[in-house]
Amino acid sequence: MVFARLERYGVALCLHDMHGSASGMLTVGPFVYVPSHGVQKYSGSYSERTLDRWAEWLASRSRAGVLVYAYFNNDTGGHAPRDAVRLRDRIRMHVSS
């Protein structure tokens, strides 16, 4: 019911990967919005496997015409900017293939 209302009013669901309450990969609303908080709560670098899985899915959404917004934040170790670049590069690879 909540997802249907979001769709009805053109509101996107904010996806996240916080342990214990991760939303998973869902397309709800007019775009995909994914903030990433680290492999542990607000810290850690993502594995190649995790970034590849997200990149493949986000690229598929992009190819389907869905706008995709993804960012990394709140990382106490400074991994967020590097992980963002790694994800961006993987998405580009999947979109162009």
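Cut-off values and rules
Residues numbered from 1 in each chain as written. Predicted model: local features only at pLDDT ≥ 70, side-chain atom pairs only at ≥ 80, totals over all residues. Heavy atoms only, no water. Helix = DSSP H or I, 4+ residues; strand = E, 2+ residues; numbered from the N terminus. Rg over C-alpha atoms; globule rule 2.2 N^0.38 Å. Buried < 20%, exposed > 50% of the residue type's maximum accessible area, 1.4 Å probe, protein only. Areas by Shrake-Rupley, 256 points an atom, 1.4 Å probe, with all protein chains shown as cover. Lys, Arg positive; Asp, Glu negative; His and termini not counted. Charge placed at Lys NZ, Arg CZ, Asp CG, Glu CD. Patch = residues over 30% accessible without salt bridge, like charges linked within 9 Å, V, L, I, M, F, W, Y side chains within 5 Å. Salt bridge = Lys/Arg side-chain N within 4 Å of Asp/Glu carboxyl O. Expected span 1.5 Å × (residues − 1). Contact = heavy atoms within 4.5 Å.

A. How the structure looks around the overall build of the chain. Regarding its fold elements, the chain presents three helices and two strands. Relative to the globule expectation of 13 Å for 97 residues, the C-alpha radius of gyration of the chain, 14 Å, shows essentially globular dimensions. Across its three principal directions, the C-alpha atoms of the chain cover 40 × 35 × 15 Å. Out of the 97 residues in the chain, the part that is buried amounts to 37%. Total accessible area on the chain stands at roughly 6,000 Å², and carbon and sulfur atoms take up 57% of it. Side chains of the chain give 12 positive and 8 negative charges; the mean places of these two sets differ by 5 Å.

B. Representation of a nonpolar patch on the surface in the model. A cluster of nonpolar side chains, contributed by Val2, Phe3 and Leu26, occupies part of the molecular surface with about 260 Å² of accessible area. Assignment of secondary structure puts Leu26 in the loop between helix H1 (2-8) and strand S1 (31-36).

C. Structural view of helix H3 (residues 80-96). For H3, with 17 residues, the first-to-last C-alpha span of 24 Å sits near the 24 Å given by 1.5 Å per residue. Elements in contact with the buried residues of H3: helix H2 (48-63) and strand S2 (67-72).

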